[in-house]
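Geometric and topological summary
Letter by letter, the chains look like this.
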Amino acid sequence: LLRRLSVGKAVVPRKLPAPLASGVGAFMAEWAALSEPLARLRLSRTVHLAAACFALGAIASLYARGLLTQYVVGWESTFLDGRDVHTLLSWLFLPAMNAFPFLQGFSLAEIESLRFGRAVSTASGERWVHLYGATLLLLVVLPRLVLAAFAGWRAHRLSRNFPLDLDQPYYRKLADGIGAGT
């Protein structure tokens, strides 16, 4: 599939003579095989950048929606109690709270007070948005940008040192023609 996508439709125009059409078809097949690693790296870079942009869009959406509406925060569970939810959220938000010391997590009493069916405080919504935004930034955006940069660097390096088999008859004939043959 990647080979087909990288060269488009591998259909030779109908008006070409048969030997030329055969040569063009062979070239396209060989080029697709040779360029596949480079196409994979470029596709990898694109997918990582797309994931980072998607997460940035989610973060922007959290903040934009928070400007126009009020987040109401609460929870309920059949299987978890307040201590379990507190432990789960403490682990979830640990990277954000460590990276950004000004962000505070929730105490067990605050988690218990957020259980649906009780009077819900709307003041905690802002803290949730900041914690979720920081967590997405640390766990999705930054790693994906690093992976995209690495894939881009590898693609650039491969494009500068593109692997050609210089022992093929075509290249040997060229080398012999300029006196560089062995």
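Residues numbered from 1 in each chain as written. Predicted model: local features only at pLDDT ≥ 70, side-chain atom pairs only at ≥ 80, totals over all residues. Heavy atoms only, no water.

Overview of the environment of Ala-55
Structurally, the position occupied by Ala-55 is in helix 2 (residues 18–68). A relative accessible area of 5% places Ala-55 in the buried class. In sequence terms Ala-55 and Leu-136 are 81 residues apart; their C-alpha atoms lie 6.6 Å from each other. If we ignore the near neighbours within four places in the chain, the residues touching Ala-55 are Val-140 and Val-141. (Helix = DSSP H or I, 4+ residues; strand = E, 2+ residues; numbered from the N terminus. Buried < 20%, exposed > 50% of the residue type's maximum accessible area, 1.4 Å probe, protein only. Contact = heavy atoms within 4.5 Å.)

Remarks on helix 2
For helix 2, spanning 51 residues, the distance from its first C-alpha to its last is only 66 Å, which falls clearly below the expected 75 Å at 1.5 Å a residue. Residue Ser-35 marks the point of greatest curvature in helix 2, where the axis turns by about 50°; the proline Pro-37 follows within four residues. (Expected span 1.5 Å × (residues − 1). Bend = angle between axes of the 7 residues up to and from the residue.)

Describing a nonpolar patch on the surface
On the surface, Phe-27, Trp-31, Leu-34, Leu-164 and Leu-166 cluster together into a nonpolar patch covering about 480 Å² of accessible area. Within the secondary structure, Leu-34 sits in helix 2. (Patch = residues over 30% accessible without salt bridge, like charges linked within 9 Å, V, L, I, M, F, W, Y side chains within 5 Å. Areas by Shrake-Rupley, 256 points an atom, 1.4 Å probe, with all protein chains shown as cover. Salt bridge = Lys/Arg side-chain N within 4 Å of Asp/Glu carboxyl O.)

Things to note about the packing of helix 2 against helix 5 (residues 125–160)
The contact between helix 2 and helix 5 brings their axes to 8 Å, and the two run at 160°. As summarised for this structure, helix 2 and helix 5 are arranged roughly antiparallel, according to the angle between their axes. Helix 5 is crossed by helix 2, and the crossing has left-handed handedness. Of the residues contributing to the contact of helix 2 with helix 5, the split by class is 25 nonpolar, six polar and four charged. (Axes fitted to C-alpha atoms, helices over the stretch in contact; angles between N-to-C directions. Parallel < 35°, antiparallel > 145°, perpendicular 65-115°, else oblique. Left-handed = near helix turned anticlockwise from the far one by under 90°. Nonpolar A, V, L, I, M, F, W, Y, C, P; charged D, E, K, R; others polar.)

Comments concerning the confidence of the model for the protein
Summarising the model, the protein shows a mean pLDDT of 85, and 87% of its residues fall at 70 or more. No element of the protein has a lower mean pLDDT than helix 1 (residues 2–7), at 55, and none a higher one than helix 5, at 94. (pLDDT = per-residue confidence, 0-100.)

A word on the packing of aromatic side chains
One pass over the structure, following the stated rule, counts eight aromatic pairs. Plain terms: the ring middles of Trp-31 and Phe-162 are 5.2 Å apart, the flat faces sit at 20° to each other, and that makes the pair stacked. Residue Trp-31 is found in helix 2, and its partner Phe-162 is found in the loop between helix 5 and helix 6 (169–177); the two are separated by 131 residues along the sequence. Feature note: the residues Phe-93, Phe-106, Trp-128 and Tyr-132 constitute an aromatic cluster, connected by ring pairs. (Phe/Tyr/Trp six-rings, centres within 6.5 Å; stacked < 30°, edge-to-face > 60°.)

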